[in-house]
Amino acid sequence: MLTFDRLKIISPIPSIKETDEAAFEKIVKDGEPVALLYKQDIPYKLRLKIDYGRGEVSTEFSGKVLGHNYPQLISQDNIRECFRSIEHLGFCVFDVDVVMDSAVVSCDIARDIQCDDIKGLTSYMQSHIANYSKYNSRLLKNGNFILTNNVTTKDIIKRLTVYDKAKEMRLGKNHRFVHDNGIEGAFDGKCRFELNLRSLKMIRTALNIPCTDLNMVLSSTATPIADFLQEAVLTGHGERHFSSMKAYMYSLVLNDCNGDMEQVEAKVRSILPKRGTSIKRAMRPIRELYDTLTYSGDNNGGIYAKALKILKT
């Protein structure tokens, strides 16, 4: 079952009734109110815009709307609970049946899995990008790993962030939320995988659905995080061995690039003929040597393989 940490939904105006107009900011044009806007960031992110000109309501909220059930994330099982939580703020009421048939225009698909070595996992992913010209990756100082497909068209951008969720929940900005909802320790040992999809096209493609109605999005059986990782990150456990001379030559390439596989690929690309040679094939023996030199036993490659298997379910 898919789970989400943020949803943005566009629904018709009859999907909501404001019960306290004073809670909204009025947007006025030529002396006439054209929209009502409500926004908050604490205790959870919420953006509501009733746009009379467009005849639509934009509703965006984060998973923290679930309060003490936040560790469950937003899903088909608790989506109505999300709207009830917003209604408890006291200024609007939803026709949830109408919203369920409305379009999700942006979302963050999220999955938390148990991982004893998040640093090892992200280090492995950073060094095993399938093609550095097709995918951009960054391993930040705080340990967060960010992976995007290298495209110029905004509506087909995918962005995946992998990070220590317990560490993030221990930040000062989250102390009050954690305490008030009694979820201390709920994310201990949890690695968060969060995939941002920012267009109708990407949501349809990633979830393998014909339209992005909320009902259809929540009931999708796709595994978009695992699918993206399989495209962008290679698996390998150093099973192949080279002759001493080959191993030595490949090790010189690794040493020359300080063990940075992105630098290695750039160097190999500069040497190979522009046509007729597969960069993936040329990089394979170097990657396999990198594995044999870096990983052994229950290694980071094994940690990644285990994580990927869980994400496929």
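Anything mentioned here points back to the structure above.
The notes below deal with the structure included here. Just so you know, these numbers come straight off a predicted model, no measurement behind them.

On to the pairing of strand S10 (residues 145-149). Along S10, five of the five residues are buried, which leaves the element largely enclosed by surrounding structure. Here S10 shows two buried faces, one formed by Phe-145, Leu-147 and Asn-149 and the other by Ile-146 and Thr-148. Pairing of strand S9 (residues 135-139) with S10 involves five bridges; the strand directions are antiparallel. Looking across to S10, one finds that Arg-138 is bridged to Ile-146. Two successive antiparallel strands, S9 and S10, enclose a turn made up of five residues, where Gly-143 displays a positive phi of approximately 95°. Two strands pair when backbone bridges link them, and S10 and strand S11 (residues 158-164) are joined in this way by four bridges, in the antiparallel orientation.

Once that is clear, we can look at the packing of aromatic side chains. With the rule as written, the count across this model stands at nine aromatic pairs. Centroid distance Phe-24 to Phe-91: 5.3 Å. Interplanar angle 85°. Geometry classified as edge-to-face. Residue Phe-24 is located in the loop between strand S2 (16-18) and strand S3 (25-29), and its partner Phe-91 is located in the loop between helix H1 (79-87) and strand S7 (92-94); the two are separated by 67 residues in the primary sequence. Measuring from ring centre to ring centre gives 5.4 Å for Tyr-124 and Tyr-304, while their planes differ by 25°; the resulting arrangement is stacked. Of this pair, Tyr-124 sits in helix H3 (residues 118-127) while Tyr-304 sits in helix H12 (residues 300-311), placing them 180 residues apart in sequence. By relative accessible area, Tyr-124 is classed as buried at 0%. For Tyr-304, a relative accessible area of 1% translates into the label buried.

On to unusual backbone geometry, then. Of note, the bond from Ile-42 into Pro-43 is cis; its omega dihedral lies within 30 degrees of zero at 0°. With a phi angle near 65°, Leu-73 is a residue other than glycine that sits in the positive phi range. Residue position: Leu-73 is located in the loop between strand S6 (56-62) and H1. Here the phi dihedral of Asn-208 falls at roughly 55°; this positive angle occurs in a residue that is not glycine. With respect to the helices and strands, the residue Asn-208 is situated in the loop between helix H6 (200-207) and helix H7 (214-219).

By volume, the largest pocket amounts to about 590 Å³. Taken together, 24 residues form the lining of the largest pocket, with Ser-62, Lys-64, Glu-168, Lys-173 and Asn-174 sitting closest to its centre. At the level of elements, strand S1 (4-12), S6, helix H4 (165-169) and helix H5 (175-180) are the ones that each hand at least two residues to the lining of the largest pocket. The greatest single-element share of the lining of the largest pocket, amounting to three residues, is contributed by H5.

Here we come to the sheet that holds strand S5 (residues 46-51). Taken in spatial order, the 10 strands make up an open sheet running S3-S4-S5-S6-S1-S8-S12-S11-S10-S9, and their pairing is antiparallel. Two strands bound the open sheet, and with one partner strand each, they are S3 and S9. Strand-to-strand twist of the sheet, defined as the mean angle between neighbouring strand axes without regard to direction, takes the value 15°. Bridge count for S5 against S6 is six bridges, and the pairing is antiparallel. Bridge pairing in S6 places Asp-51 opposite Glu-56.

The next point concerns the side chain of Ser-75. Position of Ser-75 among the secondary structure elements: in the loop between S6 and H1. Not counting residues up to four positions away in its chain, the partners in contact with Ser-75 are Met-1, Leu-2, Thr-3 and Leu-218.

Attention now moves to the packing of H3 against H12. Across the interface, H3 lies against H12 with an axial gap of 8 Å and an inter-helix angle of 95°. Overall, the two elements H3 and H12 adopt an arrangement that is roughly perpendicular. On H12, the residues touching Gly-120, Leu-121, Tyr-124 and Met-125 of H3 are Asn-300, Gly-301, Ile-303, Tyr-304 and Ala-307. Its residues assigned to classes, the contact of H3 with H12 comprises six nonpolar, three polar and no charged.

On to the packing of helix H8 (residues 224-232) against H12. The interhelical angle for the contact between H8 and H12, taken along N-to-C directions, is 140°, at an axis separation of 8 Å. With respect to H12, the axis of H8 lies oblique. In this structure, H8 uses Ile-225, Ala-226, Leu-229 and Gln-230 to contact H12, whose residues at the interface are Tyr-304, Leu-308 and Leu-311. Classifying every residue of the contact of H8 with H12 by side-chain character gives six nonpolar, one polar and no charged.

Positive charge collects at one region of the surface, where Lys-134, Lys-280, Arg-281 and Arg-284 lie side by side. As for its placement among the helices and strands, Lys-280 is situated in helix H11 (residues 279-294).

A few words now on the pattern of salt bridges. Across all of its chains, the model carries 16 salt bridges by this definition. When the shortest N-O distance is used, the salt bridge between Asp-108 and Arg-6 registers 3.1 Å. Residue Asp-108 is found in strand S8 (residues 103-114), and its partner Arg-6 is found in strand S1; the two are separated by 102 residues along the sequence. Taking relative accessible area as the criterion, Asp-108 reaches 7% and is therefore assigned buried. The class for Arg-6 is buried, based on a relative accessible area of 9%. Of the charged contacts in the structure, one is a salt bridge between Asp-41 and Arg-47, with a shortest N-O distance of 2.9 Å. We classify Arg-47 as partly exposed; its relative accessible area is 24%. It is possible to trace a salt-bridge network through shared partners that takes in Arg-6, Lys-45, Glu-60, Asp-108 and Arg-198.

Procedures and definitions
- Residues numbered from 1 in each chain as written.
- Predicted model: local features only at pLDDT ≥ 70, side-chain atom pairs only at ≥ 80, totals over all residues.
- Heavy atoms only, no water.
- Buried < 20%, exposed > 50% of the residue type's maximum accessible area, 1.4 Å probe, protein only.
- Helix = DSSP H or I, 4+ residues; strand = E, 2+ residues; numbered from the N terminus.
- Pairing = 2+ DSSP bridges.
- Phe/Tyr/Trp six-rings, centres within 6.5 Å; stacked < 30°, edge-to-face > 60°.
- 1 Å grid on protein atoms, 1.4 Å probe; cavity = no way out; pocket = protein on both sides within 12 Å on 5 of 7 lines; lining within 4 Å.
- Points joined across faces, edges and corners; volume = space filled by probe spheres on them.
- Axes fitted to C-alpha atoms, helices over the stretch in contact; angles between N-to-C directions.
- Contact = heavy atoms within 4.5 Å.
- Parallel < 35°, antiparallel > 145°, perpendicular 65-115°, else oblique.
- Nonpolar A, V, L, I, M, F, W, Y, C, P; charged D, E, K, R; others polar.
- Patch = residues over 30% accessible without salt bridge, like charges linked within 9 Å, V, L, I, M, F, W, Y side chains within 5 Å.
- Areas by Shrake-Rupley, 256 points an atom, 1.4 Å probe, with all protein chains shown as cover.
- Salt bridge = Lys/Arg side-chain N within 4 Å of Asp/Glu carboxyl O.
- Lys, Arg positive; Asp, Glu negative; His and termini not counted.
- Charge placed at Lys NZ, Arg CZ, Asp CG, Glu CD.

By themselves these figures say nothing about function.
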